[in-house]
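A structural walkthrough
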Amino acid sequence: MIREAESYSDSKNPMELLLGRETEWQTLTEVPRQSLAQRQILYLWGPPGSGKSYLLQRFFDTLADWPGEVVFTEAQDGDLSYGDLAAGPAQVHQTKGPESRAQRFVHAVEAVEDKSQLVWIIDDYDAWHTQQAWLWPKVATMRRAGACVILAGRESPRRLWPGEQATSIVSRRLNDFDAETATQLCRDLNVEDPHVIREAIAISRGRPRLLCTMVDGFKLLTEDWPAENDTELERMRPGMASFLLEQVCHPGSRRLAWRAGQGSDRDVDALVAAAAMTPMFNRQLLTEVVGSPAVLSSWDALVSLPFLDAYQGGFFSMPATLRIRIRQAAQQARPWMWEQWTRKMAAYYLHDALHKQTTHTDVFWDRILPLIRTKIGNPLFAEDEWLDGNFRLTWGRLSELPGLTYDMADPLYAQAEVLTAFHHDGTAAGYAVVDRSRETMLVIHDVVETFGEPFVGPMLFSVLMRQFPSLGKVLCAAKMQSTTRMAPILDHVGFGLPICKEDTAPVRMLDLETLGYHAWLAHILRAPQATAPEKPVPVIQEALQVLSQESQLEETALAAYWQQVGGQGGVQAWFLDALTSADLGAAIGGKTLLALYYLDKQGTHEELAERLHLSRATYFRNHRTALDRMAQALFG
C-alpha cells in the first residue's frame, strides 16, 4: 500500500500496492457485496500514517463501475467538507438557514433514492464525532436503510461507540508494519541500502506513510549524485538518521541534517527536540522549556506531526526509537541549547513533583532519569536506549541463578534477590544482587555486566533508584566497583566515600535521612560541573579568533573547560551553538559585532563603528556586553 494516492500511477492495479494490508483490503471489497440483511458498518482504525486514507482512496478507485452512488468525504477541523466523488452525481439538497456543511452534506446523502445501492465512505470520522453527536444516528439510519457505510479514524471503536452492538459495527485495526514487511516495502520502492532501511524503520515504527516519506526523500537526494560516485553517500551515512528526520518533519527537503531549531521552521524543530527529552509532554511543559513564542506559533504544527501519539488531557508522546535518534541529532548539532532545555525541564519536573508530592511514583522517575547527566548532552540513564535494545528485566532468588560465586551459606546473602537483564534471545546481559528485606535500607551487594555492555550497569542501577524514595539509607558493596564501571555513577548520585578504606570489602552509603530527599533530587539533577576560567572574556576572545579552525580551537583554554563538562570533541559545535543561540544584546546585536570583528575580520574596532554608524563609546559598550553575556552563557 502505502503512499499518498497521488504518489502512485493510476494505471497500477491496487492489489500491487497493498503490501501488508491484504486482509483489510479483502474486508473492504466484501462489504458492498454483502446482502442487505448482513451489511454492517465497517470501521478501519489505526494511528496517523498507518494507511487508512490510502486504503479508502484505492478502494474508491475500484468502484468506478458501481451501479449506484458512491460518495467519498473527509472531515476537517471538526466539520465535513462536501465532496461528491460519485460515479453519478448525487443530488445536493439546497437548504436555507445557518446549517453547517456537515448538515448540508447529510441532507444530500439522505436525498439518494436507492439507499441499497449507496456506498458512503467517510475518512477521519472521529475528527468530528464528539462535536457533532447528531451525526452518528444519521449514519446508523443509512445502514438500516441498506446503504454500505465505511468509516476510518484514529480512535478505538470502544471509545466512539461504547456498548454498541457488534451486529451493527465491524472494526479492523491497521497495525504498524513488522520489520520484514517494512523492509520489503522499501525494496519495492527501489531502496536497497540496509543502513537506510534500518534507520527508516526505526524512525517510522513501520508506519507506511512515514516510511514512504523518508524513502522518497532519500531517492530525491541520491538523484543529484552521479550513479558511480558513492563518496557522498558514505560520508552521509553516519548522519542518515538526522537526514531521515528532516524528511519526516519537512518532506522534500534536501537539507542533509535536522538541526533542531536552526532552519526555516526553527520553532517546530525546537519543540520536536524538547519533546524528545521526555517520555510524555504537554503544552505547559514545552512552554516552560522552549518558551511561549515558539509554542504559540507552532504548537498546532507539532501535534499534527504523524509520529506523535495523543492521549487524553492534552498529553502526547513519541516512540522510544524515535526519541533516541532525535536526541542524538539535537545533542550533536545544538549541545549548548540542549543543556539549557535540560536544565529547564529538570527544574520543571522537580518543582512540579515537590508541589504535588509525587516524587515516589514511577511516572516521576520515568521523566527525570533521562535528565540525570554527567556531561552536556550525555544523560546518565538513557532508558530509551535500553528499551531499543529489547531488554527484559526479571526479579528472582539468588539461588536460582547457576554458576555464581556467592556463598549461599553466608547470612549476608540470606535475603538476597537478583534483578536480571535478559536479551531478547533469553541470554543474560547482566544482573544486580540486592537485599530489599529491610524497611529503611537497601543493600546492593553487586552489579555485574555479563558481556561487558557499558549501559547494562546503569540500566540496572536506575531500576533500583526507583526504590530509594521510601528508604533512609542505601548501601553499596565495593565489589561491584571492581567488576563494573559503576564508581562514577555512585559519585554522581551522591554516595559518600568508602566507610572504611582499609576494609577488604568497603561500603559506600547514600544517607537520604541526613541529606534530605528533595535536596538529593536537586543534587542529582544538577548541571555538569566544572571550574570556570578566572578571566573568562580573554578565553572567549581566544576561541573566537580560531573558531573556524577546529584543530586550533581544540588547543584553547575554552576546549580545556569543555572537556570537564562535555568530553572530548564537539567544542566547536558547542561554542557556535552558544554564539547563535544565547542572548548577546539587542540594538546592534552582539552576535553581529562579534561575527564581523572576530570571524569575518571586517576591520578594526574604529572602522566597524563607523560602518555601523555607532559612536566609539556605544560600539565598545555593545562589544563588551556581548563578550560578557557570552561568558555568562558558557560558564554560568
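Summarised in this report is the structure supplied together with it. As the structure is a computational prediction, the values presented were derived from the model and not from experiment.

**Remarks on the environment of valine 112**
Summarising the element assignment, valine 112 is placed in the loop between α3 (101-110) and β4 (119-123). Taking C-alpha positions, valine 112 is 7.7 Å from glutamate 69, a pair spaced 43 residues apart along the chain. With residues near it in sequence (within four places) discarded, valine 112 still touches Glu69 and Leu118.

**A few points about helix α10 (residues 240-249)**
Counting buried positions along α10 gives ten out of ten residues, so the element sits mostly inside the fold. Within α10, burial applies to Met240, Ala241, Ser242, Phe243, Leu244, Leu245, Glu246, Gln247, Val248 and Cys249.

**Here we look at the layout of surface pockets**
Considering only enclosed or pocket space, the second largest pocket measures out at about 560 Å³ in volume. Counting residues per element, the ones that place at least two in the lining of the second largest pocket are α14 (320-333), β9 (373-375), β10 (378-379), α17 (383-388) and α20 (487-492). If you tally residues by element for the lining of the second largest pocket, the top one is α14, at four residues.

**Thoughts on the pattern of salt bridges**
For the structure shown, the criterion picks out 19 salt bridges. A salt bridge links arginine 325 to glutamate 199, with the nearest nitrogen and oxygen atoms 2.8 Å apart. Of this pair, arginine 325 sits in helix α14 while glutamate 199 sits in helix α7 (residues 194-204), and the two are 126 residues apart along the sequence. Across the pair, exposure class does not vary: arginine 325 and glutamate 199 are buried alike. With its nearest N and O atoms 3.0 Å apart, the salt bridge here joins glutamate 513 to lysine 473. With glutamate 513 in helix α21 (residues 512-515) and lysine 473 in strand β15 (residues 473-477), the pair connects residues that are 40 residues apart, well separated along the chain. In this structure glutamate 513 comes out as exposed when scored by relative accessible area, which is 54%. On the accessibility criterion, lysine 473 (22% relative accessible area) is partly exposed. Residues participating in the shared-partner salt-bridge network are Asp176, Arg205, Arg207 and Asp309.

**As for the sheet that holds strand β11 (residues 392-397)**
Reading across the sheet, the six strands line up as β11-β12-β13-β14-β15-β16 and stay open at both edges, with mixed pairing between neighbours. Each edge of the open sheet carries a strand with a single partner, namely β11 and β16 (507-511). The sheet shows a mean angle of 25° between the axes of neighbouring strands, taken without regard to direction. Pairing of β11 with strand β12 (residues 416-422) involves six bridges; the strand directions are antiparallel. Counterpart to arginine 397 in the pairing with β12 is glutamate 417.

**Description of the packing of α7 against α14**
Relative orientation of the contacting elements α7 and α14 amounts to 115°, with a least axis distance of 7 Å. In terms of orientation, α7 and α14 fall into the roughly perpendicular class. Mapping the contact onto sequence places Glu199, Ala202 and Ile203 in α7 and Thr321, Leu322 and Arg325 in α14.

**What to know about empty space enclosed by the protein**
Inspection of every chain in the model, using the stated rule, returns one cavity of 30 Å³ or more. By volume, the largest cavity is sized at about 80 Å³. Contributing to the lining of the largest cavity are Met277, Arg327, Gln331, Trp338, Thr342, Pro370, Leu371, Arg373, Gly377, Asn378 and Pro379. Listed by contribution, the elements that provide at least two residues to the lining of the largest cavity are α14, α15 (335-356) and β10. When its residues are assigned to classes, the lining of the largest cavity shows five nonpolar, four polar and two charged.

**Remarks on the nonpolar core**
Counting residues in each nonpolar core, the largest one holds 133 residues, and the members touching the most others are Trp258, Phe307, Phe461, Met465, Phe468, Trp520 and Leu634. For this core, the element with the highest residue contribution is α15, accounting for ten residues. Phenylalanine 307 has contacts with Arg205, Leu210, Val248, Cys249, Val272, Ser317, Met318, Pro319 and Leu322, leaving out every residue within four places of it along the chain. Judged by nonpolar contacts, the second largest core, of 24 residues, contains Met142, Ala147, Leu160 and Trp161.

**Focus on the packing of helix α6 (residues 179-188) against helix α8 (residues 208-222)**
Remark: α6 packs on α8, axes separated minimally by 10 Å, with the N-to-C direction vectors making an angle of 35°. Handedness of the crossing formed by α6 with α8: right-handed. For the pair formed by α6 and α8, the contact residues are Ala182, Leu185 and Cys186 on the first element and Leu211, Cys212 and Val215 on the second. The residue inventory of the contact of α6 with α8, partitioned by class, reads six nonpolar, no polar and no charged.

**Comments concerning unusual backbone geometry**
Although it is not a glycine, aspartate 124 sits at a positive phi angle of roughly 55°. Structurally, aspartate 124 can be placed in the loop between β4 and α4 (135-144). At arginine 205, a position not held by glycine, the phi torsion is positive, near 60°. One can find arginine 205 in the loop between α7 and α8. Assessed through its relative accessible area of 22%, arginine 205 is described here as partly exposed.

**Side note on the packing of aromatic side chains**
The tally for this structure, following the rule as stated, stands at 23 aromatic pairs. With 4.9 Å between their ring centres and 90° between their planes, tyrosine 43 and tryptophan 161 make a pair best called edge-to-face. With tyrosine 43 in strand β1 (residues 41-45) and tryptophan 161 in the loop between α5 (157-160) and β6 (169-173), the pair connects residues that are 118 residues apart, well separated along the chain. As far as burial versus exposure is concerned, tyrosine 43 and tryptophan 161 are alike and both buried. On the numbers, 4.8 Å between centres and 90° between planes, the contact of tyrosine 597 with tyrosine 598 is edge-to-face. Ring pairs connect the aromatic residues Phe364, Trp365, Phe381, Phe461, Phe468, Phe495, Tyr517 and Trp520, which therefore count as one cluster. Cation over ring: arginine 436 sits above tryptophan 395, and NZ or CZ is 3.7 Å from the ring centre.

**Focus: helix α18 (residues 456-465)**
Counting buried residues in α18 gives ten out of ten residues, a clear majority hidden from the surface. Here α18 has its buried residues at Val456, Gly457, Pro458, Met459, Leu460, Phe461, Ser462, Val463, Leu464 and Met465.

**Re the pairing of strand β14 (residues 441-449)**
Counting buried positions along β14 yields nine of nine residues, so the element is predominantly enclosed. Here six bridges tie strand β13 (residues 428-435) to β14, and the two strands are oriented antiparallel to one another. Across the sheet, glycine 430 pairs through a bridge with glutamate 449, a residue of β14. Counting the residues in the hairpin turn of β13 and β14 gives five residues.

Cut-offs and rules
Residues numbered from 1 in each chain as written. Predicted model: local features only at pLDDT ≥ 70, side-chain atom pairs only at ≥ 80, totals over all residues. Heavy atoms only, no water. Helix = DSSP H or I, 4+ residues; strand = E, 2+ residues; numbered from the N terminus. Contact = heavy atoms within 4.5 Å. Buried < 20%, exposed > 50% of the residue type's maximum accessible area, 1.4 Å probe, protein only. 1 Å grid on protein atoms, 1.4 Å probe; cavity = no way out; pocket = protein on both sides within 12 Å on 5 of 7 lines; lining within 4 Å. Points joined across faces, edges and corners; volume = space filled by probe spheres on them. Salt bridge = Lys/Arg side-chain N within 4 Å of Asp/Glu carboxyl O. Pairing = 2+ DSSP bridges. Axes fitted to C-alpha atoms, helices over the stretch in contact; angles between N-to-C directions. Parallel < 35°, antiparallel > 145°, perpendicular 65-115°, else oblique. Nonpolar A, V, L, I, M, F, W, Y, C, P; charged D, E, K, R; others polar. Core = buried A, V, L, I, M, F, W, Y, C linked by side-chain atoms within 4.5 Å. Left-handed = near helix turned anticlockwise from the far one by under 90°. Phe/Tyr/Trp six-rings, centres within 6.5 Å; stacked < 30°, edge-to-face > 60°. Lys NZ or Arg CZ within 6 Å of the ring centre and 35° of its normal.

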